[in-house]
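Each chain, letter by letter, is given below.
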Amino acid sequence: MDFFNSPLEKRKVAIVSAKDSFSVMGIRKKLQEAGKEGVVVAPSVFQLESAVDESDPIIYYLDDDIYTLRGEDFLKELKNLCLEQQRLVILVGEKAEYETAIETIPKSAIVEWFSRPVDMDALLATVERALNGEIAPARKHHILIIDDDITYMRMLHEWMKERYEITMLDSGGKAIHWLMENTGIDLILLDYEMPSMDGPAVFHMFKEDPSTRNIPVIFLTGKNDRDLVVKAVDMRPEDYILKSVQKRELMDKLENFFKKNKENQ
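The notes below deal with the structure included here. Just so you know, these numbers come straight off a predicted model, no measurement behind them.

A word on the overall build of the chain. Of the regular secondary structure elements, the chain holds ten helices and ten strands. For the C-alpha atoms alone, the extent of the chain along its principal axes is close to 65 × 45 × 30 Å. A total of 265 residues make up the chain; the buried ones form 46% of that total. Across the chain, contacts joining residues at least 24 apart in sequence account for 64% of those joining residues at least 6 apart. Per element, the accessible surface of the chain, about 14400 Å² overall, is 48% carbon and sulfur.

Okay, structure coming up:
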């Protein structure tokens, strides 16, 4: 078999860059030497989709263009593309550029980050792993929200829907019955104060049932009351979150939880 003409080796790799720099051309040359086709495209989702297939990895060469309005718009478009098509992205750039990019691009879509000057051999090895299917796009984590406040749940849903799969139930009883017939929940956000059956009662029922005892639970509470917080923490949930939390803080907490959970596994 001709190694360099095999179907796998004809796969393309998109190199997104606002400028035709020496480093970008160096990455393209390195890919070509390994039998890959590096396709350089401007920061445009339209050009990106026209240049490569959905399954082809993306190398995003970051520079100060990401701080411009055009760069910000592309980051948002790329975020939506990653969430819709489960794209794999390899970032190349300075630490500040990387930190700016991950404020928008889902971390689940990012395969690796390389600082400059680029370790070409390591970059090529990462591309190979992506092309060989050794790196799979992360599925969306499924979060169950249990809260009797429908308006609050809808707000959380709007905040979280792009990054996570969300199921909402307005009582502990409904949640218990729903979980008897459904699996695959990665995290439960549970209102501590609910009528009829409050959060602690629902929490205890989850932990007593072998089918739900291992599902992580984070309490939601509208009261920043020391005694209540102590009682909640004593039950040993994963964490508790005040309902006054802002979107950015909430999303950071969830990202950190799933990252820590993955590391522990």
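Enumeration according to the criterion identifies six aromatic pairs in this entry. Where Phe257 meets Phe258, the ring centres are 5.0 Å apart and the plane angle is 65°; that geometry is what we call edge-to-face. By relative accessible area, Phe257 is classed as buried at 11%. What makes Phe258 buried here is its relative accessible area of 8%. Members of the aromatic cluster, each reached through a chain of ring pairs, are Tyr164, Phe257 and Phe258.

Bringing the packing of helix H1 (residues 22-33) against helix H5 (residues 120-131) into the picture now. Interaxial distance between H1 and H5 falls to 11 Å at its minimum, and their mutual angle equals 55°. If you check the angle between H1 and H5, you find them oblique. The chirality of how H1 crosses H5 is right-handed. Facing Ser23, Gly26, Ile27, Lys30 and Leu31 of H1, the residues of H5 in contact are Met120, Asp121, Leu123, Leu124 and Val127. Taken together, the residues that form the contact of H1 with H5 break down as six nonpolar, two polar and two charged.

Another aspect to go through is the nonpolar core. Core analysis: the largest hydrophobic core is formed by 24 residues, its most contacted members being Val16, Leu48, Ile58, Tyr60, Leu78, Leu91 and Ile105. Of all the elements, helix H3 (residues 69-85) adds the most residues to this core, at five residues. Non-local contacts of Leu91, meaning those with residues more than four positions away in its chain, are made with Tyr60, Leu62, Tyr98, Ala101, Ile102, Ile105, Ile110, Glu112, Trp113 and Phe114.

Here we come to the environment of Thr126. Here Thr126 lies in helix H5. Along the primary structure Thr126 and Glu112 are separated by 14 residues, whereas in three dimensions their C-alpha atoms are 7.7 Å apart. Residues within four places of Thr126 in sequence aside, it is in contact with Ile90, Val111, Glu112, Phe114 and Ile135.

Reading the values: rules and limits
- Residues numbered from 1 in each chain as written.
- Predicted model: local features only at pLDDT ≥ 70, side-chain atom pairs only at ≥ 80, totals over all residues.
- Heavy atoms only, no water.
- Helix = DSSP H or I, 4+ residues; strand = E, 2+ residues; numbered from the N terminus.
- Buried < 20%, exposed > 50% of the residue type's maximum accessible area, 1.4 Å probe, protein only.
- Contact = heavy atoms within 4.5 Å.
- Areas by Shrake-Rupley, 256 points an atom, 1.4 Å probe, with all protein chains shown as cover.
- Phe/Tyr/Trp six-rings, centres within 6.5 Å; stacked < 30°, edge-to-face > 60°.
- Axes fitted to C-alpha atoms, helices over the stretch in contact; angles between N-to-C directions.
- Parallel < 35°, antiparallel > 145°, perpendicular 65-115°, else oblique.
- Left-handed = near helix turned anticlockwise from the far one by under 90°.
- Nonpolar A, V, L, I, M, F, W, Y, C, P; charged D, E, K, R; others polar.
- Core = buried A, V, L, I, M, F, W, Y, C linked by side-chain atoms within 4.5 Å.

Scope: geometric values only; no functional claims are made or implied.
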